[in-house]
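Fold and contact review
In case you want the letters, here they are:
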Amino acid sequence: MATRSTAAPPAGATGGTRIVGLGASAGGLEPLVQFLAAVPAASGLAYVVVQHMDPTHAALLGTLLQRATALPVCEATDGQPVEPDAVYVIPPNAELTVLRGRLRLLAPAQPRGQRLPIDLLFSSLAREFGDRAIGVVLSGMGSDGSRGLQSIKVQGGLTLAQQPDTAQFDSMPASAIAAGGVDIVAPAAELPRRILQALGQQRSTQLDGDAAAGHAPAVLAAILGLLQAHARHDLSSYKSNTLVRRIARRMAVHGLDTMDAYAEHLRHNAQELDLLFKEVLIGVTSFFRDAPVWQELQASVLPPLLARHAARQGPLRAWVIGCSTGEEAYSLAILLAEALEAQALPGTAVQIFASDLNPDAIALARSGRFAASIARDLTPQRLARYFTEQPGGYLIDKRIREMVLFAQHDVILDPPFTRLDILCCRNLLIYFDAALQRRLVPLFHYSLRPGGALLLGGSETVGRAQALFTPLHPKSRLYWRSDHGDGVGSVHFPTHRRPASRSALPETTLPPLNPPPANLQSLVDHLLLESYAPPAVLVNEAGDIVHVSGRTGRFLEPSAGKANGNIHAMARPALRAQLALALRSAVHDKTAVELRGLRLEDDAQAVVDITVQAIAQPRALEGMVLIVFREAPPAPRSPQASHARRGRAAAAGDAAASDELLRTREEIRTLRLEMHASQEALQAANEELQSTNEELQSANEELTTSKEEAQSMNEELQTINGELQSKLDDLALAQSDMQNLLNSTDIATLFLDNDLNVRRYTEQIARVVHLREGDIGRPLSELASTLIYPQLDADLKETLRTLAFSEKQIATTDGHWFSVRIMPYRTLANVIQGAVITFVDITTAKALEARLRKA
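What comes next is a walk through the structure. In this text the structure is predicted, and so the values were computed from the model without any measurement.

Parameters and conventions
Residues numbered from 1 in each chain as written. Predicted model: local features only at pLDDT ≥ 70, side-chain atom pairs only at ≥ 80, totals over all residues. Heavy atoms only, no water. Helix = DSSP H or I, 4+ residues; strand = E, 2+ residues; numbered from the N terminus. Buried < 20%, exposed > 50% of the residue type's maximum accessible area, 1.4 Å probe, protein only. Contact = heavy atoms within 4.5 Å. Areas by Shrake-Rupley, 256 points an atom, 1.4 Å probe, with all protein chains shown as cover. Core = buried A, V, L, I, M, F, W, Y, C linked by side-chain atoms within 4.5 Å. Phe/Tyr/Trp six-rings, centres within 6.5 Å; stacked < 30°, edge-to-face > 60°.

Looking only at helices and strands, one finds 23 helices and 29 strands in the protein. Evaluated residue by residue, the protein yields a buried proportion of 43% over its 855 residues. Sequence separation of at least 24 residues holds for 66% of the intrachain contacts in the protein that already meet a minimum separation of 6. Counting every atom, the protein has about 43,300 Å² of accessible surface; 55% of that belongs to carbon and sulfur.

Quick look at the nonpolar core now. If you look at the biggest cluster of nonpolar residues, it comprises 52 residues, and the most contacted ones within it are Ile-223, Tyr-238, Leu-423, Phe-432, Phe-444, Leu-454 and Phe-469. Looking at this core, the elements that each hand over two or more residues are α7 (217-231), α8 (240-254), α9 (259-267), α10 (270-280), β10 (316-321), β16 (420-425), α16 (434-447) and β17 (448-456). The element contributing the most residues to this core is α7, with six residues. When sequence neighbours within four positions are dropped, the list of residues in contact with Leu-454 reads Leu-423, Phe-444, Leu-448, Val-462, Phe-469, Arg-477, Leu-478 and Tyr-479.

We now examine the packing of aromatic side chains. Tallied over the entire structure, the rule returns 11 aromatic pairs. On the basis of an interplanar angle of 90 degrees and a centroid distance of 5.8 Å, the ring pair of Tyr-330 and Phe-370 is categorised as edge-to-face. Of this pair, Tyr-330 sits in helix α12 (residues 327-342) while Phe-370 sits in strand β12 (residues 369-371); the two residues are 40 residues apart in sequence, bridging distant segments of the chain. Neither Tyr-330 nor Phe-370 differs from the other in exposure class; each is buried. Each ring, one from Phe-469 and one from Tyr-479, has its centre 6.5 Å from the other, and the planes form 70 degrees; the classification is edge-to-face. Placement of the pair is Phe-469 in strand β18 (residues 469-471) and Tyr-479 in strand β19 (residues 478-481), with a sequence separation of 10 residues.

With respect to the secondary-structure elements, Ser-331 resides in helix α12. With sequence-adjacent residues up to four places away left out, Ser-331 is seen in contact with Ser-286, Phe-287, Phe-288 and Trp-294.

The following block contains the structure:
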């Protein structure tokens with residue numbers, strides 16, 4: 001599972017003015033004007049505008065924006081405090097950030113053309129304000145702002161983007177949306193209202209982190225139950241603060257007031273369950289993120305690790321947990337390739353397991369394709385050596401790709417990979433509660449070989465498991481596995497697997513795809529569609545036919561054998577190959593594919609045009625594909641054409657042969673593309689099988705270990721049971737000895753606890769205080785007594801306060817006298833746990849004293 005985060009924002013960062021960061025390119029003036037014109041005069045927010053500007057020209061942006069808004073607009077200066085209800089504009093040839101509530105101007109660190117000022121501003125807002133940060137991307141070219149929005153979203157802030165079809169340049173907002181870092185998409189003029197609505201929603205729901213622990217645990221449990229039933233993953237061990245913040249973000253997007261309302265919304269919206277699951281699994285990653293950590297790994301860990309590995313057989317094994325889209329796993333593979341080359345060990349096999357909960361992230365990681373923006377994370381040497389430039393980005397080198405096996409894996413539920421040399425789990429533990437963290441660290445110890453290395457995130461430690469791992473140095477997050485730590489005995493292995501099939505549990509279903517007409521207009525529309533619309537079929541991504549419209553018999557036919565409603569089986573043989581390729585392309589690119597001039601049969605004159613359209617709207621049909629068949633009109637025949645045709649009769653054979661050759665070449669090209677796609681699918685299936693084999697082997701080892709542990713534990717329990725029985729016998733004998741001793745002294749004794757309640761007494765106490773067995777635990781003040789001693793309760797409290805003895809001679813109502821002695825009750829550990837009162841009968845001594853006085 002992948003979740004990446006930086007350290008929590010500083011305590012002082014949560015107060016002060018809340019800042020909205022606005023990013024646009026030089027051509028994005030119009031959406032900036034529309035946005036600021038819609039901002040109310042007293043929103044309580046400050047607005048910081050960063051625009052791609054020519055560094056050599058004086059800026060007129062502030063003057064132009066001032067005409068559109070009643071808020072004061074000024075050019076930012078270094079150290080300027082941020083005030084609410086004001087607009088601050090970046091000056092030319094500068095980079096703008098926010099630090100401790102003040103604007104900071106920096107000289108550009110990158111040459112012109114490679115600067116990303118919007119990402120820089122948004123990242124500073126994420127660090128400074130955490131979940132109070134707000135970022136907005138407007139019209140612009142490139143991808144600046146996408147990574148900054150992801151940083152804000154990871155911290156729990158609010159992210160927005162202009163609706164791409166309303167932007168003059170849609171590249172920036174489209175890139176941010178495609179990266180999964182945007183909460184709200186709307187036209188520029190509507191974004192201020194959506195911001196204020198979301199902020200008001202967050203305040204009304206009162207779902208901040210401090211209140212999360214006490215907020216409707218039953219509703220939170222119900223939402224987690226819906227997620228588990230839909231996504232097959234249990235998120236109950238995640239920190240409740242994190243979960244509630246993610247839920248609050250989705251509630252603000254939908255304008256819902258309570259968690260109960262959001263839970264009800266989830267019950268009827270499967271797509272929202274997917275969005276919430278992805279919201280919890282936000283992945284922010286990059287190549288060689290936190291460069292000093294990777295440098296330390298390369299310099300201090302890999303050389304001794306490879307030296308030890310050279311003495312044994314088998315591949316060097318590593319596991320990257322929460323790999324997201326693969327950048328971290330590939331970074332480790334690049335480091336290992338460089339280390340093996342440096343130590344002249346090129347033949348050493350490397351096997352890196354990279355796992356994540358998010359299947360979409362795993363699919364992207366397996367493709368090995370990355371955006372052009374990775375160039376700023378890699379040195380030019382590494383970029384040239386390990387990547388191949390392609391249109392729109394880069395492709396990872398085949399040698400590095402083959403080192404990594406990607407698998408969807410739940411570290412909480414699934415068996416771990418074992419016999420590892422390196423285990424990397426960065427910025428994942430911070431999202432788990434303390435109990436789960438204590439359970440996973442020993443599991444990491446179990447998974448590593450003796451002498452293996454563990455790499456954690458900058459805000460993570462091994463906690464109380466200090467005996468299991470030894471850090472490289474006190475502040476390092478790189479650890480060596482300690483061989484003397486008793487790691488195996490404290491490991492809690494997963495006890496169950498997630499269900500293998502999503503069909504095994506009930507899911508929220510989509511509404512019917514073909515609802516009955518409700519009125520006359522609907523009936524007429526339905527009739528027209530049936531009579532005049534071209535035949536079409538609606539299929540899912542796998543090609544299964546969901547709905548048929550019109551007469552499709554000329555293009556589809558049932559396949560022989562068992563009934564099969566898949567388009568690949570039912571398409572006419574002459575259409576099958578091209579249709580399969582078009583369907584795969586439409587699903588992958590989310591666009592429409594046109595096939596023109598296809599012949600229905602090899603010897604027929606009829607041709608057909610086919611449109612394969614991936615559906616994005618309405619949401620109920622999202623992910624489906626519509627295939628429309630249109631018969632192409634035959635070419636018109638004229639007398640001249642007939643005469644020419646007769647004149648060319650001798651060349652007909654050559655033309656037919658040429659057509660056949662073209663069709664053959666097209667089929668070969670189609671088959672090659674299909675073969676390439678099949679190879680990719682087989683590679684993914686092979687990686688899944690290898691991952692499953694590792695898990696099964698790990699599970700078998702765990703069962704063997706568990707059996708041995710259970711047998712050992714049974715023997716220990718039998719030994720402990722015998723020791724306890726012996727101690728119980730000794731304790732019963734000591735109890736009898738003490739009771740006989742107290743009774744033999746013929747002294748009435750009363751034991752009280754710290755609250756002056758009766759705890760124990762001797763039989764002789766009945767002469768002074770009327771006690772029976774049922775009075776144990778009652779306050780002494782409630783019991784009847786023959787003593788004429790009204791100060792008894794006060795003397796007891798004074799003894800407990802001063803720990804000083806108290807002794808007095810007290811008469812009784814029946815003419816007896818007792819020497820009453822009060823002392824503190826001390827345990828063997830010298831802890832005061834009440835008081836002891838002894839009553840010694842001195843009636844005879846008092847009578848003798850009285851006779852002596854008379855004499």
